[in-house]
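Spelled out, the chains give:
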There are 2 protein chains.
Amino acid sequence: MTLNSTHILNGFLDRDISPLDRGFAYGDGVFRTMKVVNGLPLHWPQHYQKLVADCAVIGIVCPVAEILVDDLQHLFTPNETAVAKITITRGEGERGYAVPAVTMPTRMVSKSKYPQYAPLNFTDGVQLKVCETTLSAQPKLAGIKHLNRLENVMARMEWQNDAVFDGILLDTNSNAVECTMSNIFARYGINLVTPTLNQCGVAGITRQQILNLASVLNLNVVVDFLPLSKLLNADEVIICNSLYGAFQATKINHNELTETWQPQALAGAIRAQLKHD
Amino acid sequence: MTLNSTHILNGFLDRDISPLDRGFAYGDGVFRTMKVVNGLPLHWPQHYQKLVADCAVIGIVCPVAEILVDDLQHLFTPNETAVAKITITRGEGERGYAVPAVTMPTRMVSKSKYPQYAPLNFTDGVQLKVCETTLSAQPKLAGIKHLNRLENVMARMEWQNDAVFDGILLDTNSNAVECTMSNIFARYGINLVTPTLNQCGVAGITRQQILNLASVLNLNVVVDFLPLSKLLNADEVIICNSLYGAFQATKINHNELTETWQPQALAGAIRAQLKHD
(Lines give C-alpha, C1' and ligand atoms only; values in the text may rest on other atoms or scores of the structure.)
Protein backbone atom coordinates (compact mmCIF):
# COMPACT_ATOMS: atom_id res chain seq x y z
CA MET A 1 0.00 0.00 0.00
CA THR A 2 1.11 3.51 -0.68
CA LEU A 3 0.03 4.96 2.66
CA ASN A 4 3.06 3.84 4.57
CA SER A 5 5.56 4.42 1.83
CA THR A 6 8.09 7.13 2.28
CA HIS A 7 9.09 7.77 -1.31
CA ILE A 8 8.60 7.04 -4.97
CA LEU A 9 11.70 6.76 -7.13
CA ASN A 10 11.12 7.06 -10.87
CA GLY A 11 7.59 5.88 -10.30
CA PHE A 12 8.49 2.89 -8.11
CA LEU A 13 7.49 2.78 -4.47
CA ASP A 14 10.40 2.68 -2.04
CA ARG A 15 12.99 1.76 -4.63
CA ASP A 16 16.56 2.60 -3.65
CA ILE A 17 18.98 4.73 -5.59
CA SER A 18 21.54 3.45 -8.06
CA PRO A 19 25.14 3.99 -6.95
CA LEU A 20 25.71 5.36 -10.45
CA ASP A 21 23.22 8.16 -9.87
CA ARG A 22 25.00 11.44 -10.43
CA GLY A 23 23.01 12.94 -7.57
CA PHE A 24 24.96 10.66 -5.25
CA ALA A 25 28.28 10.95 -7.10
CA TYR A 26 28.43 14.71 -7.59
CA GLY A 27 25.31 16.33 -6.15
CA ASP A 28 24.32 16.74 -9.80
CA GLY A 29 20.68 17.71 -9.30
CA VAL A 30 18.19 20.03 -7.61
CA PHE A 31 15.42 19.69 -5.05
CA ARG A 32 12.45 21.35 -3.40
CA THR A 33 10.82 20.97 0.00
CA MET A 34 7.13 21.79 0.33
CA LYS A 35 4.23 21.75 2.77
CA VAL A 36 1.48 19.43 1.61
CA VAL A 37 -2.13 20.19 2.48
CA ASN A 38 -5.16 18.70 0.74
CA GLY A 39 -3.00 16.21 -1.11
CA LEU A 40 -0.81 18.69 -3.01
CA PRO A 41 2.03 21.07 -2.10
CA LEU A 42 0.93 24.53 -1.09
CA HIS A 43 1.80 26.91 -3.95
CA TRP A 44 2.55 23.96 -6.23
CA PRO A 45 2.59 25.99 -9.50
CA GLN A 46 5.33 28.25 -8.13
CA HIS A 47 7.31 25.28 -6.82
CA TYR A 48 7.07 23.43 -10.10
CA GLN A 49 8.07 26.51 -12.09
CA LYS A 50 11.11 26.95 -9.85
CA LEU A 51 12.02 23.27 -10.15
CA VAL A 52 11.98 23.56 -13.95
CA ALA A 53 14.04 26.75 -13.84
CA ASP A 54 16.63 25.29 -11.44
CA CYS A 55 16.95 22.15 -13.58
CA ALA A 56 17.50 24.32 -16.64
CA VAL A 57 20.41 26.16 -15.01
CA ILE A 58 22.38 22.93 -14.81
CA GLY A 59 21.06 21.50 -18.08
CA ILE A 60 18.55 18.95 -16.80
CA VAL A 61 15.13 18.59 -18.43
CA CYS A 62 12.64 18.42 -15.57
CA PRO A 63 9.89 15.79 -15.83
CA VAL A 64 6.50 17.22 -16.83
CA ALA A 65 4.24 18.39 -14.02
CA GLU A 66 1.67 15.64 -14.58
CA ILE A 67 4.20 12.92 -13.74
CA LEU A 68 5.21 14.61 -10.50
CA VAL A 69 1.60 15.30 -9.54
CA ASP A 70 0.84 11.63 -10.13
CA ASP A 71 3.71 10.65 -7.80
CA LEU A 72 2.48 13.13 -5.20
CA GLN A 73 -1.06 11.79 -5.39
CA HIS A 74 0.20 8.28 -4.77
CA LEU A 75 2.08 9.39 -1.64
CA PHE A 76 -0.25 11.89 0.02
CA THR A 77 -3.80 11.51 1.22
CA PRO A 78 -6.21 14.46 0.96
CA ASN A 79 -6.48 14.99 4.69
CA GLU A 80 -2.91 14.97 5.92
CA THR A 81 -0.44 17.80 6.50
CA ALA A 82 3.04 16.58 5.64
CA VAL A 83 6.27 17.49 3.87
CA ALA A 84 6.98 16.61 0.26
CA LYS A 85 10.50 16.70 -1.08
CA ILE A 86 11.12 16.42 -4.80
CA THR A 87 14.64 15.68 -5.98
CA ILE A 88 15.57 15.69 -9.67
CA THR A 89 19.03 14.49 -10.64
CA ARG A 90 20.74 14.11 -13.99
CA GLY A 91 20.27 10.36 -13.65
CA GLU A 92 22.78 7.57 -13.94
CA GLY A 93 26.17 7.89 -15.55
CA GLU A 94 29.47 6.09 -15.73
CA ARG A 95 32.34 7.33 -13.56
CA GLY A 96 33.58 10.78 -14.57
CA TYR A 97 32.25 14.31 -14.71
CA ALA A 98 31.33 14.22 -18.42
CA VAL A 99 27.56 14.15 -18.88
CA PRO A 100 26.48 11.07 -20.87
CA ALA A 101 25.16 11.74 -24.38
CA VAL A 102 21.78 10.37 -23.33
CA THR A 103 20.53 10.82 -19.78
CA MET A 104 17.27 9.93 -18.09
CA PRO A 105 16.74 12.22 -15.09
CA THR A 106 16.01 10.57 -11.76
CA ARG A 107 12.94 11.85 -9.94
CA MET A 108 12.37 11.16 -6.29
CA VAL A 109 9.26 12.29 -4.45
CA SER A 110 9.34 11.63 -0.74
CA LYS A 111 7.02 12.15 2.18
CA SER A 112 8.03 13.04 5.72
CA LYS A 113 6.39 14.35 8.84
CA TYR A 114 5.46 18.02 9.03
CA PRO A 115 7.64 19.63 11.74
CA GLN A 116 6.01 20.51 15.04
CA TYR A 117 6.87 24.18 15.37
CA ALA A 118 6.77 25.55 18.90
CA PRO A 119 3.69 27.75 19.46
CA LEU A 120 6.03 30.45 20.78
CA ASN A 121 7.63 30.71 17.34
CA PHE A 122 4.35 32.17 16.12
CA THR A 123 3.69 34.54 19.02
CA ASP A 124 7.12 35.51 20.32
CA GLY A 125 9.35 34.91 17.32
CA VAL A 126 12.45 32.79 16.91
CA GLN A 127 16.13 32.99 17.79
CA LEU A 128 18.86 33.03 15.15
CA LYS A 129 22.61 32.84 15.36
CA VAL A 130 25.18 34.22 12.96
CA CYS A 131 27.22 31.33 11.52
CA GLU A 132 30.98 31.36 11.10
CA THR A 133 30.68 29.30 7.93
CA THR A 134 30.37 31.76 5.07
CA LEU A 135 28.87 31.19 1.65
CA SER A 136 31.17 31.03 -1.35
CA ALA A 137 30.35 33.11 -4.43
CA GLN A 138 29.39 31.13 -7.54
CA PRO A 139 27.24 33.21 -9.90
CA LYS A 140 26.63 30.22 -12.21
CA LEU A 141 24.75 28.39 -9.44
CA ALA A 142 23.51 31.25 -7.25
CA GLY A 143 19.81 31.21 -6.45
CA ILE A 144 19.16 27.60 -7.40
CA LYS A 145 18.47 24.85 -4.89
CA HIS A 146 21.01 22.29 -6.06
CA LEU A 147 22.24 19.23 -4.19
CA ASN A 148 25.67 20.68 -3.33
CA ARG A 149 24.74 21.66 0.21
CA LEU A 150 27.85 20.98 2.27
CA GLU A 151 28.06 24.64 3.27
CA ASN A 152 24.59 24.40 4.82
CA VAL A 153 25.56 21.16 6.57
CA MET A 154 28.77 22.71 7.94
CA ALA A 155 26.87 25.80 9.10
CA ARG A 156 24.16 23.70 10.75
CA MET A 157 26.86 21.78 12.66
CA GLU A 158 27.75 25.02 14.46
CA TRP A 159 24.97 24.73 17.02
CA GLN A 160 23.20 22.04 19.02
CA ASN A 161 21.14 24.45 21.15
CA ASP A 162 17.49 23.77 20.31
CA ALA A 163 16.62 27.35 21.21
CA VAL A 164 18.35 28.47 18.02
CA PHE A 165 15.88 28.09 15.16
CA ASP A 166 18.19 28.83 12.25
CA GLY A 167 21.63 30.25 11.44
CA ILE A 168 22.35 33.37 9.40
CA LEU A 169 24.82 32.80 6.57
CA LEU A 170 27.05 35.66 5.53
CA ASP A 171 29.05 36.08 2.37
CA THR A 172 32.78 36.76 2.66
CA ASN A 173 32.08 40.51 2.86
CA SER A 174 29.88 40.12 5.97
CA ASN A 175 26.65 40.64 4.10
CA ALA A 176 23.73 38.56 5.35
CA VAL A 177 22.55 36.33 2.48
CA GLU A 178 20.05 33.87 3.96
CA CYS A 179 19.72 31.31 6.76
CA THR A 180 20.59 27.62 6.44
CA MET A 181 16.97 26.71 5.62
CA SER A 182 15.31 30.11 5.24
CA ASN A 183 15.43 33.40 3.37
CA ILE A 184 15.63 36.62 5.33
CA PHE A 185 14.10 40.10 5.24
CA ALA A 186 14.82 43.22 7.28
CA ARG A 187 12.27 46.02 7.66
CA TYR A 188 13.24 49.68 8.06
CA GLY A 189 10.09 51.77 8.35
CA ILE A 190 8.12 50.98 5.18
CA ASN A 191 11.14 49.52 3.38
CA LEU A 192 11.50 45.75 3.34
CA VAL A 193 15.02 44.71 2.36
CA THR A 194 16.07 41.22 1.27
CA PRO A 195 19.55 40.23 0.11
CA THR A 196 20.59 40.08 -3.52
CA LEU A 197 21.17 36.43 -4.44
CA ASN A 198 23.24 36.68 -7.61
CA GLN A 199 26.46 35.37 -6.04
CA CYS A 200 25.21 32.78 -3.54
CA GLY A 201 22.12 31.69 -1.64
CA VAL A 202 18.87 30.01 -2.62
CA ALA A 203 16.01 32.12 -3.97
CA GLY A 204 13.06 30.40 -2.30
CA ILE A 205 9.54 30.74 -3.58
CA THR A 206 8.27 32.12 -0.26
CA ARG A 207 10.83 34.93 -0.58
CA GLN A 208 9.43 35.69 -4.03
CA GLN A 209 5.88 35.58 -2.72
CA ILE A 210 6.74 38.07 0.03
CA LEU A 211 8.31 40.34 -2.58
CA ASN A 212 5.07 40.07 -4.57
CA LEU A 213 2.96 40.72 -1.47
CA ALA A 214 4.79 43.82 -0.34
CA SER A 215 2.36 46.31 -1.82
CA VAL A 216 -0.57 44.55 -0.13
CA LEU A 217 1.37 44.91 3.12
CA ASN A 218 2.06 48.59 2.39
CA LEU A 219 5.79 48.02 2.13
CA ASN A 220 8.38 48.96 -0.48
CA VAL A 221 10.68 46.11 -1.39
CA VAL A 222 14.39 46.58 -1.83
CA VAL A 223 16.62 43.77 -3.10
CA ASP A 224 20.15 44.78 -2.19
CA PHE A 225 23.23 43.86 -0.23
CA LEU A 226 22.37 43.58 3.45
CA PRO A 227 25.43 44.02 5.66
CA LEU A 228 25.18 42.23 9.00
CA SER A 229 25.64 45.53 10.82
CA LYS A 230 22.61 46.91 8.98
CA LEU A 231 20.56 43.76 9.60
CA LEU A 232 21.15 44.08 13.33
CA ASN A 233 19.74 47.61 13.20
CA ALA A 234 16.51 46.63 11.46
CA ASP A 235 13.16 47.60 12.93
CA GLU A 236 12.13 43.99 12.39
CA VAL A 237 13.70 40.84 10.94
CA ILE A 238 11.63 38.17 9.18
CA ILE A 239 12.71 34.72 7.98
CA CYS A 240 10.70 32.52 5.66
CA ASN A 241 10.53 29.18 3.93
CA SER A 242 7.94 26.95 2.32
CA LEU A 243 7.25 24.88 5.43
CA TYR A 244 6.52 27.43 8.14
CA GLY A 245 5.78 30.45 5.97
CA ALA A 246 7.29 33.34 7.96
CA PHE A 247 8.57 33.94 11.49
CA GLN A 248 9.88 37.07 13.10
CA ALA A 249 13.42 36.79 14.46
CA THR A 250 13.29 38.39 17.89
CA LYS A 251 16.78 37.32 19.01
CA ILE A 252 19.99 37.20 16.99
CA ASN A 253 23.20 35.91 18.58
CA HIS A 254 26.43 37.16 17.05
CA ASN A 255 29.78 36.66 18.74
CA GLU A 256 28.97 36.99 22.44
CA LEU A 257 26.17 39.50 21.94
CA THR A 258 22.44 39.09 21.49
CA GLU A 259 20.22 41.61 19.76
CA THR A 260 16.56 41.47 20.70
CA TRP A 261 13.35 42.80 19.20
CA GLN A 262 9.79 43.05 20.45
CA PRO A 263 7.29 40.76 18.70
CA GLN A 264 5.49 42.56 15.89
CA ALA A 265 2.72 41.74 13.46
CA LEU A 266 4.36 41.41 10.05
CA ALA A 267 5.27 37.70 10.15
CA GLY A 268 1.70 36.81 11.11
CA ALA A 269 0.32 39.00 8.34
CA ILE A 270 2.59 37.26 5.82
CA ARG A 271 1.56 33.80 7.05
CA ALA A 272 -2.08 34.76 6.71
CA GLN A 273 -1.57 36.05 3.18
CA LEU A 274 0.32 32.88 2.22
CA LYS A 275 -2.30 30.66 3.90
CA HIS A 276 0.38 29.27 6.21
CA ASP A 277 -1.70 29.47 9.40
CA MET B 1 30.15 -14.39 -7.56
CA THR B 2 32.02 -11.23 -6.86
CA LEU B 3 33.83 -11.08 -10.20
CA ASN B 4 31.02 -9.40 -12.08
CA SER B 5 29.88 -7.15 -9.30
CA THR B 6 30.37 -3.46 -9.75
CA HIS B 7 30.24 -2.27 -6.16
CA ILE B 8 29.96 -3.15 -2.51
CA LEU B 9 27.77 -0.93 -0.34
CA ASN B 10 28.34 -1.22 3.41
CA GLY B 11 29.64 -4.72 2.80
CA PHE B 12 26.78 -5.87 0.59
CA LEU B 13 27.38 -6.69 -3.05
CA ASP B 14 25.48 -4.46 -5.48
CA ARG B 15 23.11 -3.07 -2.88
CA ASP B 16 21.50 0.24 -3.84
CA ILE B 17 21.62 3.46 -1.87
CA SER B 18 19.01 4.61 0.59
CA PRO B 19 17.16 7.75 -0.49
CA LEU B 20 17.86 9.03 3.03
CA ASP B 21 21.60 8.87 2.47
CA ARG B 22 23.03 12.32 3.06
CA GLY B 23 25.45 11.74 0.21
CA PHE B 24 22.46 11.84 -2.13
CA ALA B 25 20.58 14.58 -0.26
CA TYR B 26 23.41 17.06 0.26
CA GLY B 27 26.64 15.66 -1.18
CA ASP B 28 27.56 15.13 2.48
CA GLY B 29 30.61 12.93 1.98
CA VAL B 30 33.96 12.46 0.29
CA PHE B 31 35.48 10.12 -2.29
CA ARG B 32 38.65 8.88 -3.94
CA THR B 33 39.38 7.39 -7.35
CA MET B 34 42.36 5.04 -7.66
CA LYS B 35 44.17 2.79 -10.12
CA VAL B 36 44.09 -0.82 -8.97
CA VAL B 37 46.97 -3.12 -9.85
CA ASN B 38 47.73 -6.41 -8.13
CA GLY B 39 44.43 -6.33 -6.30
CA LEU B 40 44.95 -3.10 -4.37
CA PRO B 41 44.99 0.61 -5.26
CA LEU B 42 48.38 1.96 -6.23
CA HIS B 43 49.66 4.10 -3.35
CA TRP B 44 46.89 2.82 -1.09
CA PRO B 45 48.41 4.08 2.19
CA GLN B 46 48.46 7.65 0.85
CA HIS B 47 44.91 7.32 -0.47
CA TYR B 48 43.61 5.95 2.79
CA GLN B 49 45.36 8.65 4.81
CA LYS B 50 43.80 11.33 2.57
CA LEU B 51 40.37 9.69 2.86
CA VAL B 52 40.60 9.82 6.65
CA ALA B 53 41.78 13.43 6.57
CA ASP B 54 39.03 14.54 4.17
CA CYS B 55 36.38 12.79 6.26
CA ALA B 56 37.69 14.56 9.35
CA VAL B 57 37.30 17.99 7.75
CA ILE B 58 33.55 17.49 7.53
CA GLY B 59 33.26 15.54 10.77
CA ILE B 60 32.87 11.99 9.48
CA VAL B 61 34.72 9.09 11.09
CA CYS B 62 36.19 7.08 8.23
CA PRO B 63 35.87 3.28 8.46
CA VAL B 64 39.12 1.56 9.44
CA ALA B 65 41.47 0.55 6.62
CA GLU B 66 40.93 -3.18 7.18
CA ILE B 67 37.24 -2.91 6.31
CA LEU B 68 37.93 -1.06 3.09
CA VAL B 69 40.76 -3.42 2.14
CA ASP B 70 38.38 -6.32 2.68
CA ASP B 71 35.83 -4.69 0.35
CA LEU B 72 38.56 -4.06 -2.24
CA GLN B 73 39.74 -7.65 -2.05
CA HIS B 74 36.22 -8.88 -2.70
CA LEU B 75 35.92 -6.72 -5.82
CA PHE B 76 39.33 -6.91 -7.46
CA THR B 77 41.28 -9.93 -8.67
CA PRO B 78 45.07 -9.91 -8.38
CA ASN B 79 45.71 -9.76 -12.12
CA GLU B 80 43.43 -6.99 -13.35
CA THR B 81 44.08 -3.30 -13.89
CA ALA B 82 40.94 -1.38 -13.03
CA VAL B 83 39.58 1.69 -11.25
CA ALA B 84 38.44 1.67 -7.64
CA LYS B 85 36.26 4.44 -6.29
CA ILE B 86 35.65 4.71 -2.58
CA THR B 87 32.84 6.97 -1.39
CA ILE B 88 32.27 7.67 2.29
CA THR B 89 29.14 9.59 3.26
CA ARG B 90 27.77 10.66 6.62
CA GLY B 91 25.14 7.94 6.24
CA GLU B 92 21.39 8.13 6.52
CA GLY B 93 19.50 10.95 8.14
CA GLU B 94 16.02 12.37 8.34
CA ARG B 95 15.19 15.40 6.20
CA GLY B 96 17.07 18.55 7.23
CA TYR B 97 20.67 19.73 7.41
CA ALA B 98 21.15 18.92 11.10
CA VAL B 99 23.47 15.95 11.54
CA PRO B 100 21.75 13.14 13.51
CA ALA B 101 23.10 12.50 17.02
CA VAL B 102 24.16 9.04 15.93
CA THR B 103 25.31 8.38 12.39
CA MET B 104 26.68 5.31 10.67
CA PRO B 105 28.80 6.36 7.70
CA THR B 106 27.99 4.79 4.35
CA ARG B 107 30.93 3.22 2.53
CA MET B 108 30.77 2.37 -1.13
CA VAL B 109 33.61 0.68 -2.97
CA SER B 110 33.07 0.35 -6.69
CA LYS B 111 34.97 -1.10 -9.60
CA SER B 112 35.04 0.25 -13.12
CA LYS B 113 37.10 -0.16 -16.26
CA TYR B 114 40.53 1.44 -16.40
CA PRO B 115 40.41 4.18 -19.09
CA GLN B 116 42.15 3.48 -22.38
CA TYR B 117 44.46 6.47 -22.67
CA ALA B 118 45.61 7.27 -26.20
CA PRO B 119 49.27 6.27 -26.76
CA LEU B 120 49.89 9.81 -28.04
CA ASN B 121 49.06 11.18 -24.58
CA PHE B 122 52.26 9.55 -23.36
CA THR B 123 54.52 10.54 -26.23
CA ASP B 124 53.12 13.84 -27.51
CA GLY B 125 51.23 15.16 -24.50
CA VAL B 126 47.63 16.24 -24.12
CA GLN B 127 45.46 19.22 -24.99
CA LEU B 128 43.76 21.36 -22.34
CA LYS B 129 41.23 24.15 -22.54
CA VAL B 130 40.69 26.99 -20.12
CA CYS B 131 37.16 26.74 -18.71
CA GLU B 132 34.80 29.67 -18.29
CA THR B 133 33.37 28.13 -15.12
CA THR B 134 35.46 29.43 -12.25
CA LEU B 135 35.95 27.86 -8.83
CA SER B 136 34.36 29.53 -5.83
CA ALA B 137 36.47 30.19 -2.74
CA GLN B 138 35.54 28.17 0.35
CA PRO B 139 38.50 27.80 2.73
CA LYS B 140 36.55 25.41 5.00
CA LEU B 141 36.31 22.82 2.22
CA ALA B 142 39.32 23.67 0.05
CA GLY B 143 41.63 20.78 -0.78
CA ILE B 144 39.23 17.99 0.14
CA LYS B 145 37.54 15.75 -2.39
CA HIS B 146 33.95 16.09 -1.23
CA LEU B 147 30.81 15.13 -3.12
CA ASN B 148 29.80 18.72 -3.96
CA ARG B 149 31.17 18.63 -7.48
CA LEU B 150 28.67 20.64 -9.54
CA GLU B 151 31.39 23.12 -10.52
CA ASN B 152 33.39 20.29 -12.07
CA VAL B 153 30.28 19.02 -13.86
CA MET B 154 29.48 22.50 -15.22
CA ALA B 155 33.07 22.97 -16.34
CA ARG B 156 33.14 19.55 -18.02
CA MET B 157 29.98 20.47 -19.93
CA GLU B 158 31.94 23.21 -21.68
CA TRP B 159 33.49 20.90 -24.28
CA GLN B 160 32.51 17.85 -26.32
CA ASN B 161 35.70 17.75 -28.43
CA ASP B 162 37.46 14.48 -27.60
CA ALA B 163 40.80 16.07 -28.46
CA VAL B 164 40.55 18.10 -25.25
CA PHE B 165 41.79 15.91 -22.41
CA ASP B 166 40.90 18.16 -19.48
CA GLY B 167 39.84 21.71 -18.64
CA ILE B 168 41.79 24.23 -16.56
CA LEU B 169 39.77 25.77 -13.76
CA LEU B 170 40.57 29.30 -12.67
CA ASP B 171 39.63 31.10 -9.50
CA THR B 172 37.80 34.41 -9.79
CA ASN B 173 41.15 36.24 -9.95
CA SER B 174 42.26 34.31 -13.08
CA ASN B 175 44.70 32.12 -11.19
CA ALA B 176 44.92 28.56 -12.48
CA VAL B 177 43.92 26.21 -9.64
CA GLU B 178 43.59 22.73 -11.14
CA CYS B 179 41.84 20.88 -13.97
CA THR B 180 38.42 19.22 -13.68
CA MET B 181 40.00 15.83 -12.87
CA SER B 182 43.69 16.68 -12.48
CA ASN B 183 46.14 18.83 -10.57
CA ILE B 184 48.52 21.05 -12.50
CA PHE B 185 52.20 22.03 -12.38
CA ALA B 186 54.16 24.59 -14.38
CA ARG B 187 57.95 24.37 -14.74
CA TYR B 188 60.18 27.45 -15.11
CA GLY B 189 63.80 26.31 -15.40
CA ILE B 190 64.40 24.28 -12.25
CA ASN B 191 61.35 25.69 -10.45
CA LEU B 192 58.20 23.58 -10.44
CA VAL B 193 55.17 25.65 -9.45
CA THR B 194 51.79 24.24 -8.40
CA PRO B 195 48.83 26.32 -7.24
CA THR B 196 48.04 27.01 -3.62
CA LEU B 197 44.83 25.14 -2.72
CA ASN B 198 43.72 26.88 0.45
CA GLN B 199 40.67 28.57 -1.14
CA CYS B 200 39.46 25.98 -3.64
CA GLY B 201 40.56 22.91 -5.56
CA VAL B 202 41.31 19.33 -4.61
CA ALA B 203 44.74 18.42 -3.25
CA GLY B 204 45.26 15.06 -4.93
CA ILE B 205 47.75 12.54 -3.66
CA THR B 206 49.64 12.44 -6.97
CA ARG B 207 50.20 16.19 -6.61
CA GLN B 208 51.64 15.55 -3.17
CA GLN B 209 53.83 12.76 -4.48
CA ILE B 210 55.22 15.01 -7.20
CA LEU B 211 55.99 17.64 -4.57
CA ASN B 212 57.81 14.95 -2.58
CA LEU B 213 59.67 13.74 -5.68
CA ALA B 214 60.91 17.12 -6.79
CA SER B 215 64.39 16.80 -5.29
CA VAL B 216 64.87 13.43 -7.00
CA LEU B 217 63.94 15.18 -10.24
CA ASN B 218 66.37 18.04 -9.46
CA LEU B 219 63.56 20.56 -9.20
CA ASN B 220 62.64 23.17 -6.59
CA VAL B 221 58.97 23.14 -5.71
CA VAL B 222 56.99 26.31 -5.24
CA VAL B 223 53.39 26.26 -4.00
CA ASP B 224 51.97 29.64 -4.88
CA PHE B 225 49.31 31.46 -6.86
CA LEU B 226 49.67 30.64 -10.54
CA PRO B 227 48.10 33.32 -12.75
CA LEU B 228 46.88 32.00 -16.10
CA SER B 229 49.17 34.47 -17.88
CA LYS B 230 52.13 32.97 -16.04
CA LEU B 231 51.00 29.39 -16.69
CA LEU B 232 50.89 30.09 -20.42
CA ASN B 233 54.51 31.22 -20.27
CA ALA B 234 55.78 28.09 -18.54
CA ASP B 235 58.65 26.10 -20.00
CA GLU B 236 56.51 23.03 -19.49
CA VAL B 237 53.05 22.24 -18.07
CA ILE B 238 52.28 18.94 -16.34
CA ILE B 239 48.92 17.59 -15.18
CA CYS B 240 48.46 14.62 -12.89
CA ASN B 241 45.97 12.37 -11.19
CA SER B 242 45.85 8.94 -9.60
CA LEU B 243 44.70 7.14 -12.73
CA TYR B 244 47.17 8.19 -15.43
CA GLY B 245 49.96 9.52 -13.23
CA ALA B 246 51.25 12.52 -15.17
CA PHE B 247 50.94 13.91 -18.70
CA GLN B 248 52.56 16.91 -20.27
CA ALA B 249 50.10 19.49 -21.62
CA THR B 250 51.45 20.43 -25.05
CA LYS B 251 48.42 22.47 -26.17
CA ILE B 252 46.29 24.87 -24.14
CA ASN B 253 43.28 26.56 -25.74
CA HIS B 254 42.20 29.85 -24.17
CA ASN B 255 39.72 32.15 -25.86
CA GLU B 256 40.50 31.74 -29.57
CA LEU B 257 44.23 31.15 -29.06
CA THR B 258 46.24 27.98 -28.62
CA GLU B 259 49.61 27.85 -26.88
CA THR B 260 51.79 24.92 -27.82
CA TRP B 261 54.87 23.27 -26.31
CA GLN B 262 57.30 20.66 -27.58
CA PRO B 263 57.11 17.27 -25.87
CA GLN B 264 59.61 16.98 -23.02
CA ALA B 265 60.71 14.30 -20.61
CA LEU B 266 59.38 15.35 -17.20
CA ALA B 267 55.94 13.71 -17.32
CA GLY B 268 57.49 10.38 -18.31
CA ALA B 269 60.04 10.68 -15.52
CA ILE B 270 57.25 11.32 -13.01
CA ARG B 271 55.23 8.35 -14.27
CA ALA B 272 58.28 6.13 -13.95
CA GLN B 273 58.93 7.31 -10.40
CA LEU B 274 55.26 6.78 -9.48
CA LYS B 275 55.20 3.35 -11.18
CA HIS B 276 52.42 4.57 -13.49
CA ASP B 277 53.92 3.10 -16.68
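Remember, predicted model here, so these are calculated numbers, not experimental data.

Student: Any details on the pairing of strand β12 (residues 220-224) of chain A? Residues and values, ideally.
Tutor: Residues and elements named next belong to chain A. Summarising the sheet, strand β11 (residues 191-195) and β12 pair through five bridges and their orientation is parallel. Across the sheet, Asn191 pairs through a bridge with Asn220, a residue of β12. Note that the unit made of β11, helix α6 (residues 205-213) and β12 has a crossover that is right-handed.

Student: Residues and numbers for the packing of helix α2 (residues 44-57) of chain B against helix α3 (residues 65-75) of chain B, please.
Tutor: Residue and element names in this part refer to chain B. At a closest axis distance of 11 Å, the pairing of α2 and α3 adopts a crossing angle of 125 degrees. When the axes of α2 and α3 are compared, the pair comes out oblique. Judged by the twist between their axes, the crossing of α2 over α3 is right-handed. Side by side, α2 and α3 meet where Trp44, Tyr48 and Leu51 of the first sit next to Ala65, Leu68, Val69 and Leu72 of the second. A class-by-class count of the residues in the contact of α2 with α3 yields seven nonpolar, no polar and no charged.

Student: Quick rundown of α6(A)? Include the residues and the values.
Tutor: Of all the nine residues making up α6(A), seven are buried; the element is thus mostly covered by neighbouring parts of the structure. Looking only at α6(A), the buried set comprises A:Ile205, A:Thr206, A:Arg207, A:Gln209, A:Ile210, A:Leu211 and A:Leu213.

Student: Lay out the confidence of the model for chain A with the relevant residues and their values.
Tutor: On average, residues of chain A score 96 in pLDDT, and 98% of them reach the 70 mark or higher. Reported confidence for the predicted complex is 0.96 by ipTM and 0.96 by pTM.

Student: Before we move on, can you summarise the sheet that holds strand β1 (residues 7-9) of chain B with the specific residues and values?
Tutor: Residues and elements named next belong to chain B. Across the sheet, six strands lie side by side as β2-β1-β6-β5-β3-β4; this open sheet has antiparallel pairing. Only two strands of the sheet have a single neighbouring strand rather than two, namely β2 (12-13) and β4 (40-41). On top of the sheet, α2 reaches β3 (29-37), β4 and β5 (82-89); it is set at about 175 degrees to β3, its chief contact.

Student: Could you give me a rundown of the pattern of salt bridges, with the residues and numbers involved?
Tutor: Inspection of the entire model under this criterion finds 18 salt bridges over all chains. Of the charged contacts in the structure, one is a salt bridge between A:Lys111 and A:Glu80, with a shortest N-O distance of 3.2 Å. With A:Lys111 in strand β6 (residues 106-113) and A:Glu80 in the loop between α3 (65-75) and β5 (82-89), the pair connects residues that are 31 residues apart, well separated along the chain. Salt-bridge contacts for B:Asp71 lead to B:Arg107; the nearest nitrogen and oxygen are separated by 2.6 Å. Taken as a pair, B:Asp71 in helix α3 and B:Arg107 in strand β6 (residues 106-113) lie far apart in primary sequence, 36 residues in all. The exposure class of B:Asp71 is buried, given its relative accessible area of 3%. The exposure class assigned to B:Arg107 is buried, which follows from its relative accessible area of 15%.

Student: Go over the sheet that holds strand β4 (residues 40-41) of chain A with me, naming the residues and quoting the values.
Tutor: All names here are of chain A. Pairing in this open sheet of six strands is antiparallel, and the strands run β2-β1-β6-β5-β3-β4 from one edge to the other. Looking at strand neighbours, the two that pair on one side only are β2 (12-13) and β4, the edges of this open sheet. In terms of strand pairing, strand β3 (residues 29-37) meets β5 through eight bridges, oriented antiparallel. Across the sheet, residue Thr33 finds its bridge partner in β5, namely Lys85. Across the sheet, α3 lies against β1 (7-9), β4, β5 and β6, angled at about 30 degrees from β6, the strand it touches most.

Basis of the calculations
- Residues numbered from 1 in each chain as written.
- Chains lettered and ligands numbered in written order.
- Predicted model: local features only at pLDDT ≥ 70, side-chain atom pairs only at ≥ 80, totals over all residues.
- Heavy atoms only, no water.
- Pairing = 2+ DSSP bridges.
- Helix = DSSP H or I, 4+ residues; strand = E, 2+ residues; numbered from the N terminus.
- Right-handed = clockwise from strand over helix to strand, strands pointing away.
- Axes fitted to C-alpha atoms, helices over the stretch in contact; angles between N-to-C directions.
- Parallel < 35°, antiparallel > 145°, perpendicular 65-115°, else oblique.
- Left-handed = near helix turned anticlockwise from the far one by under 90°.
- Contact = heavy atoms within 4.5 Å.
- Nonpolar A, V, L, I, M, F, W, Y, C, P; charged D, E, K, R; others polar.
- Buried < 20%, exposed > 50% of the residue type's maximum accessible area, 1.4 Å probe, protein only.
- pLDDT = per-residue confidence, 0-100.
- Salt bridge = Lys/Arg side-chain N within 4 Å of Asp/Glu carboxyl O.

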